[in-house]
Number of protein chains: 2
Amino acid sequence: MNGSDLELRDLRYFVAVAEELNFKRAAERLGITQPPLSRAIQTLERRLGVALLIRTTRRAELTDAGRTLLRESRHVLDAAEAAVRRTTRAAQTAGELVVAVKPGGHAGLLKDIVAAYEAVPGAVPVRMALGGWGEQSAMLRAGHADVALVRDLFDTRGLDHEVVVAEPRLAVLRRDHPLAGADVLTRRQLLHLPVPYWPGASPRLARYRAALDLLPGAEEAPRGPRAADLVQLLEIVAMGECVAFLSASTAGQYPHADLVHVPVVDISPSVVSVAWPQEARSRAVAEFVAAALRVAARETGRGEARGDTTRGDAHGDTPPGDAPW
Amino acid sequence: MNGSDLELRDLRYFVAVAEELNFKRAAERLGITQPPLSRAIQTLERRLGVALLIRTTRRAELTDAGRTLLRESRHVLDAAEAAVRRTTRAAQTAGELVVAVKPGGHAGLLKDIVAAYEAVPGAVPVRMALGGWGEQSAMLRAGHADVALVRDLFDTRGLDHEVVVAEPRLAVLRRDHPLAGADVLTRRQLLHLPVPYWPGASPRLARYRAALDLLPGAEEAPRGPRAADLVQLLEIVAMGECVAFLSASTAGQYPHADLVHVPVVDISPSVVSVAWPQEARSRAVAEFVAAALRVAARETGRGEARGDTTRGDAHGDTPPGDAPW
DNA sequence: CTCACTTACGTGACGCGTAAGAATC
DNA sequence: GATTCTTACGCGTCACGTAAGTGAG
């Protein structure tokens, strides 16, 4: 089987069954009856020459091959949906550049970057697409946006990116906290403090991004409460025995009488990147990325942003997806 | 249209038409007659609500949306083929790890890496898949291999990777060349010399990878002849007014009486990476990558490989596709 | 016995092929 | 007028639904 008679229907059916592990419920979800679904999966297995599920009449279970196909099928189906979306968008919004951003997550660079891009000859109109934490990369993958400005890009699957700025990450502590008086702190000193996390992220992820999980002994570290947004996160820190980690620019945007910011010497910087789908080949995206890197170089050049913002390697004329020169 | 009635058949048909720009030839290629193909494309356009081609009865031309769909369709179809291949391979070769390598392209690390991986408890048998220049990444994307050891990974689309070693890249010159006596060279001094290229690569790419194209004035630079393999490349340099660029380890493997190696101070290093499909989540792949980074750390640690090989940032316990800490 | 999956069978829709029509060079 | 794409029409296949069968709890 060379895959030339495989159809998306087969994959949609298989995903439903693999997720439900139950043919009846899967069939309901697909809006068909069980028998055709059974037959479809059987045919698929026969064509692939592979057992995908071990079925007892009572319950179904995925084989290794089945788990592989589930993961791959989701990828293919996502790619197909993105294909449709990008195609329709290419026709409807020809000559428009959609930029996915999170409000306030861009170290104040967005305005300058957009201005720099719009100054380029032949620039197309820019439209902003706002989204919550972590939604920007999903918007790129799904074909809802052409390019994104994101802080701390985490899952780069399917995306290319360039670092725009790396800012120091500060520990945010209650003013009367024992550690609040220090000039600088180390990760180790903060290891015992809970870190609040945010919707869509796990406590593990919050600590991981704060680089605390990478330290030995982090297993016994406490997990923090959940914060709905940034203001709430600051309130949580202001109330109790928590620490939060914010980029210098974000911390500066939200001053709070009860809180102090202390640099952490050995923590990873907070990185703002431009990102775009790996298969993107449009002139507008390339020029927006170039504009972002120019702005970043300019900002760094004039010693801006509290003096220790560092620029990403702005090899402006290398094509996307390139070796790191 | 949410894409839920799109099928791979539609994409296969569209790709054929978009590539041939001729319904008759496309139909022949697909093994059907023209009328169904015309209807299929029409239906597709109607469902997407988008014009994909502007047809005169004499010739067809792609619209912007059509170009987008062509690119996206290839991606979806490749993903579907890879899905089939990975699924069948998961069943047939359960518990086997296929490593794609180019003979001699790995700075001599392959044996150590494989040994380090096989020493891990629970390691599965390793199989080597040899391929020519640049084929390794294609093998990963197509699902023929699980992991690859590649030099100068260029197109990272769909792949994650970690740098194993970065070696200095040397200029290879004929012994009696005027520049051959220098202790070190700069890219600028070599700009006027042609660079031979290899099958599957363009002269542009050869120069680009030598970082010569990044210099101002590179447009007027001469293009070199084509070399079928490494030995032939060295012969070309030994014969004429050419320069080639090799990593220190590769150059050391192929000594040649008429050639000398001169370090180039401002050239990019030659980078050996481990790469794997971004969606890979298998334990074997993760452990192979970890083993590679351990070996790299060990090699660097004992000051091996001519003393200036540098290790990639081996953050061994971060998950794939992570922020660059 | 019940419930879930499979096998059997009839029907309808969809896609293919042949044939005829329209438009460009 | 030749060539290429489109429209028209008949047919076969394939996937669906209903109904009956099988096996595990």
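Residues numbered from 1 in each chain as written. Chains lettered and ligands numbered in written order. Predicted model: local features only at pLDDT ≥ 70, side-chain atom pairs only at ≥ 80, totals over all residues. Heavy atoms only, no water.

The name given to chain A in an unreviewed UniProt entry is LysR family transcriptional regulator, with the source organism recorded as Streptomyces rubradiris.

K.L.:
Run through the sheet that holds strand β7 (residues 169–174) of chain A, naming residues and quoting values.
P.N.:
Across a sheet, strands are paired by hydrogen bonds formed along the backbone, either parallel or antiparallel in direction. Residues and elements named next belong to chain A. Here three strands make up an open sheet; going across it, the order is β8-β7-β9 and the pairing antiparallel. The strands lining the two open edges of the sheet, one partner per strand, are β8 (244–247) and β9 (259–263). Taking the axes of each pair of neighbouring strands and ignoring which way they run, one obtains an average angle of 40 degrees across the sheet. Looking at chain direction, β7 and β8 are connected through four bridges and run antiparallel. Within β8, the residue paired with V172 across the bridge is A244. (Pairing = 2+ DSSP bridges. Helix = DSSP H or I, 4+ residues; strand = E, 2+ residues; numbered from the N terminus. Axes fitted to C-alpha atoms, helices over the stretch in contact; angles between N-to-C directions.)

K.L.:
Any details on the protein's contact with DNA strand D? Residues and values, ideally.
P.N.:
Around DNA strand D sit 18 residues in total, of which Y13 and T57 of chain A together with S38, R55 and R58 of chain B are the nearest. Restricting the count to atoms of DNA strand D within 4 Å of the protein gives a sugar and phosphate share of 79%. In this structure, a phosphate oxygen belonging to DNA strand D sits 2.9 Å away from a main-chain N or O atom of T33 of chain A. At 2.5 Å, a side-chain N or O of S38 of chain B approaches a phosphate oxygen of DNA strand D. Contributions of two or more residues to the surface near DNA strand D are made by α1 (8–20) and α3 (34–48) of chain A together with α2 (23–30) and α3 (34–48) of chain B. No other element matches α3 of chain B, which puts three residues into the surface near DNA strand D. Looking at side-chain class alone, the surface near DNA strand D contains six nonpolar, seven polar and five charged residues. (Near = heavy atom within 4 Å. Polar contact = N/O pair within 3.5 Å; in protein donor to acceptor, adjacent residues only side chain to side chain. Nonpolar A, V, L, I, M, F, W, Y, C, P; charged D, E, K, R; others polar.)

K.L.:
Just give me the short version of unusual backbone geometry, but keep the residues and values in it.
P.N.:
The phi angle at A211 of chain A is positive, at roughly 65 degrees, despite the residue not being glycine. As for its placement among the helices and strands, A211 of chain A is situated in the loop between α8 (203–209) and α9 (230–239).

K.L.:
Let's hear about the interface of chain B and chain A: which residues, and what values?
P.N.:
Listed as interface residues are 57 residues of chain B and, on the opposing side, 57 residues of chain A. Regarding the contact of chain B and chain A, the summed buried area is about 4800 Å², with carbon and sulfur atoms giving 62% of it. In this structure, the salt-bridge partner of R86 of chain B is E72 of chain A, at a minimum N-O distance of 3.1 Å. Summed over the shared surface of chain B and chain A, the result is 14 residue pairs in polar contact (both at pLDDT 80 or more). When residues of the side of chain B that touches chain A are traced back to their parent elements, those giving at least two are α1 (8–20), α4 (64–92) and α8 (203–209) of chain B. Per-element tally for the side of chain B that touches chain A: the top contributor is α4 of chain B, with 19 residues. Per-class residue counts for the side of chain B that touches chain A are 26 nonpolar, 13 polar and 18 charged. (Contact = heavy atoms within 4.5 Å. Buried area = accessible area lost by both parts, 1.4 Å probe. Salt bridge = Lys/Arg side-chain N within 4 Å of Asp/Glu carboxyl O.)

K.L.:
Just give me the short version of the relation of the copies chain B and chain A, but keep the residues and values in it.
P.N.:
Least-squares fitting of chain B to chain A yields an RMSD of 0.2 Å, with the transformation described by 0.1 Å of translation along the axis and a rotation of 180 degrees. These values place the two chain copies in the arrangement generated by a two-fold rotation axis. Both copies contact each other with a shared surface, as 100% of the interface residues of chain B are interface residues in chain A too. (Least-squares fit on C-alpha atoms with pLDDT ≥ 70 in both.)

K.L.:
Lay out the environment of N22 of chain B in plain terms, naming residues and giving numbers.
P.N.:
All names here are of chain B. Residue placement: N22 occurs in the loop between α1 and α2. For N22, a relative accessible area of 23% puts it in the partly exposed group. The spatial distance from the C-alpha of N22 to the C-alpha of V99 is 41 Å, given a sequence separation of 77 residues. In this structure the side chain of N22 is engaged in a polar contact, spanning 3.0 Å, whose partner is the backbone nitrogen of R25. (Buried < 20%, exposed > 50% of the residue type's maximum accessible area, 1.4 Å probe, protein only.)

K.L.:
So, the pairing of strand β7 (residues 169–174) of chain B: which residues are in play, and what are the values?
P.N.:
Residues and elements named next belong to chain B. Where burial is concerned, most of β7 is hidden: five out of the six residues are buried. Bridge count for β7 against strand β9 (residues 259–263) is five bridges, and the pairing is antiparallel. Along β9, the bridge assignment pairs V172 with H261.

K.L.:
So, the sheet that holds β9 of chain B: which residues are in play, and what are the values?
P.N.:
All names here are of chain B. Taking strand neighbours across the sheet as the criterion, the three strands line up as β8-β7-β9 in an open arrangement whose pairing is antiparallel. Only two strands of the sheet have a single neighbouring strand rather than two, namely β8 (244–247) and β9. This sheet shows a mean twist of 40 degrees between the axes of neighbouring strands, independent of strand direction. Contacts from helix α9 (residues 230–239) reach β7, β8 and β9, with the element oriented near 55 degrees to β7.

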